[in-house]
Amino acid sequence: MRCLLALALPLCLLGSCASSAAGESGPEYPGDAIRWRAERWQDEHGNIPVDGWLRALRAREQLVAASSLEDDGGIAPDAWVERGPFNVSGRSRTLVIDPRDTRILWSGGVSGGLWKSLDRGATWNPVDDWWTNLSIASMTMDPANPDVMYVGTGEGFFNDNVARGVNRSAVRGAGIFKTTDGGATWTQLVATASFGYVQRVAVSPSNGNVLLAAVRPGGIQRSTDGGTTWSLVHAAFSSDQVLFDPNDGQKALAHVVDATLAIHGVVRSLDGGASWSPAASGLASISGYDARIEMCYARSVPGVVYASVGNSGGKIWRSANGGLDWVQRTGTSSSGVNWYFNGFWVDPTNENRMVVAGLHVWRSTNGGTSLARITNGYIMTVDPHLDVHAVVADPDYDGVTKKRVYVTTDGGLHAADDITTVAIGSGWRDLDNNLRSTQYYGAAGHATGNVVIGGLQDNGTQRLVGASTSSNMPFGGDGGQVQIDPTNPSYVYGEYVWLQVHRSTNGGSSSSSIYNNITEIDATTANFIAPIVLDPNSSLRLYGGATRLWRTANARAGTVSWSAIKPGVGSKISAIAVAAGNADVVWVAHNDGRVYRTANALAATPTWVAVDDNAGLDPLPNRYVTRLAIDPTNHQVVWATLGGFASGNLRVTRDGGATWSDAAGVAPRRLPDLPLNCVVLHPDDTDVVYVASELGIFASDDAGQTWSASNDGPANVATEELAFMHGNRRLIAATLGRGVWTVDVTRPTSTAFGSACSGHASPPNLSIDPLATARIGRTMHWLVANAPVGGTSFLMLGFSDTVWAGGALPFDLAPVGMAGCPLLVSPDLATSATADASGTATHAVPLPDSSALLGAILYGQAIVPAPGLNALGLGVSAGVAASLGW
């Protein structure tokens, strides 16, 4: 039982990547990833509400409050184990360095929160995994007071041609956060909560209370009171950069995008950002969806500003009059920067030396006239990872003895200790250690070797083994869904984009492509991350969804042959489910909400029956179906999760699809109205349901009637997939920004054993209240039925059913006058209670809140009055063994 939806972000580039030593890779397509993500966020009308994420966040907070005493699903708040990987990092777009101590670095994962290093990036620690929002897009420090810092949330860089005016970027933000004590505490600036994507924040060098924020959508926001209040001073579809002149706080520049979505330009202010006017020439208006503009003042020459511009392959421009007029400097050279990556830095001591970063990093020593490439990195290389987003120098950089410069990438941070001499393969250092901000599309696991393998955004397919937090990469590029053979974990199936399936035959050490004769492997025929499912009834049979449903009968074959077994319906396949116990039962769902099932899936040409065809049969909303899960104990019961910021995104049918009901619960313990990425049923109790969402993990103990969010999940981070490991009850959480986590889901259980007194016509019956089971940190209720009304019953509790102080168990109690009555438990503890009018006594036993008790067994046996049964006039119940869980 597992699930996956990747609402993840772009991969890396528009060109091609170098091949991986461990596997194969190919071009990477951030625009296609964004389109795919947007499709999952929109409702059946194609809408993504501007306030959808904020409304869902508020609903989650209400659910947390309503379920504060509940840890549904057997997940304890502190039980999650972070698996990493610790040696691979995710995308970062920002870096700030403390000028008082340049060992102190601050960086942010675009969906993985704020991180701090005390040793120049050798090691990292998260600041707070429970911020309202972990999408760190920008960060700045007050130049006059380094204890004051601002963090802008929401990664808003996307191709406007892709977006078409809708907020379809990565992870939405929640405004700006501020610290005034050097990062010890942070506060969300309330007036900015509605700022969806804060691309940059700038602090005036002459007045720390004057702030500018580049916001998408909206334009340029300004505050004159340190962020308490804000006003829109320049309206635009978007502003992607705003910066003050470091030598004059009255002067500022910004890059804006107008409502046509294809016109970019520079605007300037001469009054501290209060008013703005367009540049007079050059960069006043640049056409092209890739024409992102990044600017940097040349501090050594007042009035000189340079810009890296994304159109025409990436060129450098220069202004000699503070951004009023611009002239292109670069000739035939091109940096390759575009809407997705455009990092830029000008040496503060020498205006002719600059670094521009796109797919790779380039350096100029002649003011941008020509560019020389100085990196050739890939995934997990010392040279910077592909897709470079920011270039930041040490605050004490002097161009002579102190020349350290950092770059942020899709794979974390890299440093050059001497930016003037660094070159391809020489002079770079990788600073990924412990910066656990990878973005997972999905993951799978196997108990043999405690293996977890997952697919990551722009960081390939990564494998973690045993207790190790360092991974290896069997396949490069973007990783996608993963399936591990439950019967032979040497066989692992993963994918690159668009159903380009690969296979490992050595447990994930390496992998190679096996999509062979699948003909639907591009953006027009398959989803960016397409569903792949291994048949639970036969580990040789593998399914893949594109426009049609593809199947191979022998995924282990030397040459894997695929056949299409379901015709296309005009919409790509988004989810596949195979019934455990009956390989003929297969369900398939599509991007537009259509759902089909077959009862003869093993036939050469199965017969498909429409459950929802968006026409005459339309019981479900016509929005993206992210996951299907078939109840293994009853194949008529099927669960479906849906995309969109809309109501009722968890549905269940109990009659094979004829009718469906909303399983999102009842307020206040109802799921928020937001995209649900998957649904998983507990292998031992299918009334226990888990869902992963854009706001973390939710669980239900009662088949979706009520939900809990207080089990927390690993962090306040979007979770793309939940999956139980093969061979145990360990749940995997693949997150979009905080790597992969596991938790041992130990449910409380109870088992009767032994017998009551012989000859007792109506012996007491001991059981555990199903509403107050043996959950750690809670009070469990032991129920003694068939007790004399008003009489006192005793409950003996012990930690053994084999031995007690008097010898072995069971022990005949004849020596104490209770002939025929066995002692079944060690009487280590005892409680008493009075039976009510129904003859039931309730014994409340509080259990300590200690994870050390997880899986421990508590044995119980009741003693009740039984006049005439024996000399002592007492009878005992059979025993009950209670296994403690969450």
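Keep in mind that what you see is a predicted model, and the values were worked out from it rather than measured. (Residues numbered from 1 in each chain as written. Predicted model: local features only at pLDDT ≥ 70, side-chain atom pairs only at ≥ 80, totals over all residues. Heavy atoms only, no water.)

Moving on, we come to the overall build of the protein. Helix and strand content of the protein: three helices and 71 strands. For 886 residues, the compact-globule formula gives about 29 Å, and the C-alpha radius of gyration of the protein, at 31 Å, lands near that figure. With the principal axes as the frame, the protein shows a C-alpha extent of 110 × 65 × 50 Å. The contacts in the protein between residues at least 6 apart in sequence include a share of 58% that link residues at least 24 apart. Of the roughly 28300 Å² that the protein leaves accessible, carbon and sulfur atoms contribute 51%. (Helix = DSSP H or I, 4+ residues; strand = E, 2+ residues; numbered from the N terminus. Rg over C-alpha atoms; globule rule 2.2 N^0.38 Å. Contact = heavy atoms within 4.5 Å. Areas by Shrake-Rupley, 256 points an atom, 1.4 Å probe, with all protein chains shown as cover.)

Let us now look at helix α2 (residues 52–66). The terminal C-alpha atoms of α2 lie 21 Å apart, and with 15 residues this matches the ideal 21 Å at 1.5 Å per residue to within 8%. Of the surrounding secondary structure, the elements contacted by the buried residues of α2 are β52 (669–670) and β55 (696–700). (Expected span 1.5 Å × (residues − 1).)

Moving on: the environment of glycine 445. By the secondary structure assignment, glycine 445 is in strand β31 (residues 440–446). Once the C-alpha coordinates of glycine 445 and tryptophan 317 are considered, the two residues, 128 residues apart in sequence, prove to be 51 Å apart. Ignoring anything within four residues of it in the chain, the contact list for glycine 445 reads Val451, Val452, Ile484, Met725, His726 and Ile732.

This part is about the sheet that holds strand β23 (residues 343–346). On the basis of which strands lie adjacent, the open sheet formed by four strands has the order β23-β24-β25-β26 and antiparallel pairing. Looking at which strands have only one partner, the edges of the open sheet turn out to be β23 and β26 (372–373). (Pairing = 2+ DSSP bridges.)

Tallying each qualifying case throughout the model produces 32 salt bridges. Among the ionic pairs, aspartate 535 bridges to arginine 541, the shortest N-O distance being 2.5 Å. The pair aspartate 535 / arginine 541 is uniform in exposure class, with both members buried. Through salt bridges that share partners, Glu82, Asp129, Arg436 and Arg738 make up one connected network. (Salt bridge = Lys/Arg side-chain N within 4 Å of Asp/Glu carboxyl O. Buried < 20%, exposed > 50% of the residue type's maximum accessible area, 1.4 Å probe, protein only.)

On to the side chain of aspartate 410. Tracing the chain through its elements places aspartate 410 in the loop between β28 (405–409) and β29 (412–416). In this structure the side chain of aspartate 410 is engaged in a polar contact, spanning 3.2 Å, whose partner is the side chain of glutamine 457. (Polar contact = N/O pair within 3.5 Å; in protein donor to acceptor, adjacent residues only side chain to side chain.)

Under the criterion given, the structure shown has 15 aromatic pairs. With a centroid separation of 6.3 Å and an interplanar angle of 75 degrees, the aromatic rings of tryptophan 587 and tryptophan 660 are classed as edge-to-face. Placement of the pair is tryptophan 587 in strand β44 (residues 586–590) and tryptophan 660 in the loop between β49 (650–653) and β50 (661–662), with a sequence separation of 73 residues. A residue is classified by how much of its surface remains accessible, and tryptophan 587, at 2% relative accessible area, is buried. Classification of tryptophan 660 by relative accessible area gives buried; the value is 15%. (Phe/Tyr/Trp six-rings, centres within 6.5 Å; stacked < 30°, edge-to-face > 60°.)

Before going further, it helps to spend a moment on the pairing of strand β24 (residues 354–357). Here β24 shows no split at all, with Met354 and Val356 on one side and Val355 and Ala357 on the other all buried. Two elements, β23 and β24, share four bridges in a ladder whose sense is antiparallel. Its bridge partner lying in β24, glycine 343 is registered against alanine 357. With four bridges joining them, β24 and strand β25 (residues 361–364) adopt antiparallel strand pairing. Note that in β25 the partner of valine 355 across the bridge is arginine 363.

So, on to the sheet that holds strand β4 (residues 113–117). Read from one edge to the other, the open sheet built from four strands follows the order β2-β3-β4-β5, with strand pairing classed as antiparallel. Bordering the open sheet on either side are β2 (92–97) and β5 (125–126), each of which pairs with just one other strand.

Attention shifts here to the nonpolar core. Among the nonpolar cores identified, the biggest contains 39 residues, and Trp80, Tyr690, Leu722, Leu731, Met780 and Trp782 are the most heavily contacted of them. If you look at the next biggest cluster of nonpolar residues, it comprises 29 residues, including Phe645, Ala663, Ala664 and Val689. (Core = buried A, V, L, I, M, F, W, Y, C linked by side-chain atoms within 4.5 Å.)

Residue proline 85 is reached from glycine 84 by a cis peptide bond, and omega for that bond is 5 degrees. Cis rather than trans, the peptide bond between arginine 216 and proline 217 has omega equal to -5 degrees. If you trace the backbone, proline 217 turns up in the loop between β11 (211–216) and β12 (218–223). Phi is positive for arginine 120, which is not a glycine, with a value near 60 degrees. Structurally, arginine 120 is set in the loop between β4 and β5. On the accessibility criterion, arginine 120 (29% relative accessible area) is partly exposed. One non-glycine residue, methionine 380, lies in positive phi territory at about 60 degrees. The topology assignment puts methionine 380 in the loop between β26 and β27 (388–393).

Moving on, we come to the environment of tryptophan 130. Counting through the fold element by element, tryptophan 130 comes out in the loop between β5 and β6 (136–142). Separated by 103 residues in sequence, tryptophan 130 and valine 233 place their C-alpha atoms 32 Å apart.

So yeah, pure geometry; function would need other evidence.
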